[in-house]
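These are the residues of each chain, in order.
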Amino acid sequence: MKLHEIVDTTPKTKVLPACSAGETLADNVLRLIQSAIVKGEIAPGSKISEPELARAYGISRGPLREALHRLEGQKLLVRVPHAGARVVALNRDELSELYQIREALEGLACRLAAARMTPGEVEALREVLRAHERDEAFQAGSGYYLQEGDYDFHYRIVQGSGNGMLIRLLCDELYQLARMYRIQYSATPHRPVQAFAEHHRILDAIAEGDGELAELLMRRHIRTSRLNIEAQIS
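Residues numbered from 1 in each chain as written. Predicted model: local features only at pLDDT ≥ 70, side-chain atom pairs only at ≥ 80, totals over all residues. Heavy atoms only, no water.

(A) Quick peek at the overall build of the protein chain. Scanning the protein chain for helices and strands turns up 12 helices and two strands. The N-to-C order of helical and strand elements in the protein chain reads α-α-α-α-β-β-α-α-α-α-α-α-α-α. When burial is assessed residue by residue, the protein chain has 47% of its 234 residues classed as buried. In the form shown here, the protein chain has an accessible surface area of approximately 11700 Å², with 51% of it arising from carbon and sulfur atoms. (Helix = DSSP H or I, 4+ residues; strand = E, 2+ residues; numbered from the N terminus. Buried < 20%, exposed > 50% of the residue type's maximum accessible area, 1.4 Å probe, protein only. Areas by Shrake-Rupley, 256 points an atom, 1.4 Å probe, with all protein chains shown as cover.)

(B) View of unusual backbone geometry. Backbone geometry places K75, a non-glycine residue, at a positive phi of 70 degrees. Mapped onto the elements, K75 comes out in the loop between helix 4 (61-73) and strand 1 (77-80). Note on K75: relative accessible area 36%, which makes it partly exposed.

(C) Structural detail: the packing of helix 8 (residues 153-161) against helix 12 (residues 211-233). Here helix 8 crosses helix 12 at 145 degrees, and the two axes come no closer than 14 Å. In terms of crossing hand, the pair formed by helix 8 and helix 12 is left-handed. In contact with F153, H154 and I157 of helix 8, helix 12 contributes M218, H221 and I222. For the contact of helix 8 with helix 12, a count of residues per class yields four nonpolar, two polar and no charged. (Axes fitted to C-alpha atoms, helices over the stretch in contact; angles between N-to-C directions. Left-handed = near helix turned anticlockwise from the far one by under 90°. Contact = heavy atoms within 4.5 Å. Nonpolar A, V, L, I, M, F, W, Y, C, P; charged D, E, K, R; others polar.)

(D) Layout of the packing of aromatic side chains. Considering all chains together, one arrives at one aromatic pair under this definition. Across the ring face of Y99, the terminal group of R102 is positioned such that the distance to the ring centre comes to 5.1 Å. (Phe/Tyr/Trp six-rings, centres within 6.5 Å; stacked < 30°, edge-to-face > 60°. Lys NZ or Arg CZ within 6 Å of the ring centre and 35° of its normal.)

(E) Representation of the pairing of strand 1 within the structure. Note that strand 1 and strand 2 (residues 84-87) share four bridges and pair antiparallel. Paired with R79 across the two strands is A85, which belongs to strand 2. Between strand 1 and strand 2, which pair antiparallel and follow one another directly, the connecting turn spans three residues, one of which, H82, has a positive phi of 65 degrees. (Pairing = 2+ DSSP bridges.)

(F) How the structure looks around the packing of helix 6 (residues 119-134) against helix 8. Between helix 6 and helix 8, the least distance of the axes is 10 Å, while the angle of their chain directions is 170 degrees. By the angle class used here, helix 6 and helix 8 are roughly antiparallel. The residues of helix 8 that touch helix 6, namely those facing A124, L125, V128, L129 and H132, are F153, R156 and I157. Within the contact of helix 6 with helix 8, the residues separate by chemical class into six nonpolar, one polar and one charged. (Parallel < 35°, antiparallel > 145°, perpendicular 65-115°, else oblique.)

(G) Spatial organisation of the confidence of the model for the protein chain. Of all residues in the protein chain, 85% attain a pLDDT of 70 or more, and the chain-wide mean is 86. Residue range residues 1-13 is modelled with pLDDT below 50. Its contacts to residues more than four positions away, or to other chains, number 34 contacts. (pLDDT = per-residue confidence, 0-100.)

(H) Geometry of the environment of I59. With respect to the helices and strands, the residue I59 is situated in the loop between helix 3 (50-57) and helix 4. Taking relative accessible area as the criterion, I59 reaches 10% and is therefore assigned buried. Linking I59 and V29, residues 30 residues apart in sequence, is a C-alpha distance of 9.1 Å.

(I) Structural view of the pattern of salt bridges. For the coordinates displayed, the defined rule picks out 17 salt bridges. R79 is paired through a salt bridge with E72; the nearest N and O atoms lie 2.9 Å apart. Judged by relative accessible area, R79 falls into the partly exposed class, the value being 45%. Residue classification places E72 among the partly exposed residues on the basis of a relative accessible area of 24%. Within this structure, E50, R61, R65, E72 and R79 form a network of salt bridges that share partners. (Salt bridge = Lys/Arg side-chain N within 4 Å of Asp/Glu carboxyl O.)

(J) Quick peek at helix 4. With 13 residues, helix 4 ought to run about 18 Å at 1.5 Å a step, and its terminal C-alpha atoms sit 18 Å apart, in line with that. The complete set of buried residues in helix 4 reads P63, L64, A67, L68 and L71. On an axial view of helix 4, the arc spanned by its buried residues comes to 135 degrees, and they lie on one face. Where helix 4 ends, the next residue or the one after it, K75, has phi of about 70 degrees, a positive value. (Expected span 1.5 Å × (residues − 1). Arc of directions from axis to C-beta.)

(K) Helix 3, seen in detail. Judged by how many residues are buried, helix 3 sits mostly within the fold: six of eight residues are covered. Within the sequence span of helix 3, burial applies to E50, E52, L53, A54, A56 and Y57. Among the residues of helix 3, the N-terminal cap falls to S49, whose side-chain oxygen and the backbone nitrogen of E52 are separated by 3.3 Å. Trailing helix 3 by a residue or two, G58 shows a phi angle of about 65 degrees, which is positive. (Polar contact = N/O pair within 3.5 Å; in protein donor to acceptor, adjacent residues only side chain to side chain.)

Below, the structure written as structure tokens:
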């Protein structure tokens, strides 16, 4: 059963996975709802029912409300007056604006990373690309490897920039929202192979310490993705 069915109906109580060390109940339910939204299991625009989710997961409203509040902070949920919380659903213009922000800021992150990433960090990022290449969906031509955090090419470059404000903006505040749309549009025919080649060229420029070229290539990479999405929406 997908989570959007949990939101719309009254299912039997689900059993939450055991919390990891140092993880709270709110952390646990946040991770599950976040994943369902980002992967599209809860559709954009869906209304979120606190009573239904509380019953579905067998948790009290306190931890659930904390998780939902944090999802608002990640821009995955929005509060609609007199209607409660809904999953974010960006329109074409809003999505274009998000990608324009990414283009500018991730381009800057690349320029900084070219000056600051160590040879060891560059090699670790090459290993991330090798993992991407081994991914079954990528080899089948049906999608691109979209794990999060340290397994995410874009995330690692922003981290490598060493700029705290960029890291907060791109790896925290906007990260899951951007990742949601990256996943939704990653299966466009031929785009996964093209994006993979672009990632290699960006990394080569970073490895060579050519910040100007790395920034140019990243901006072009994200602009291509934006134009691809705009064409699909049109």
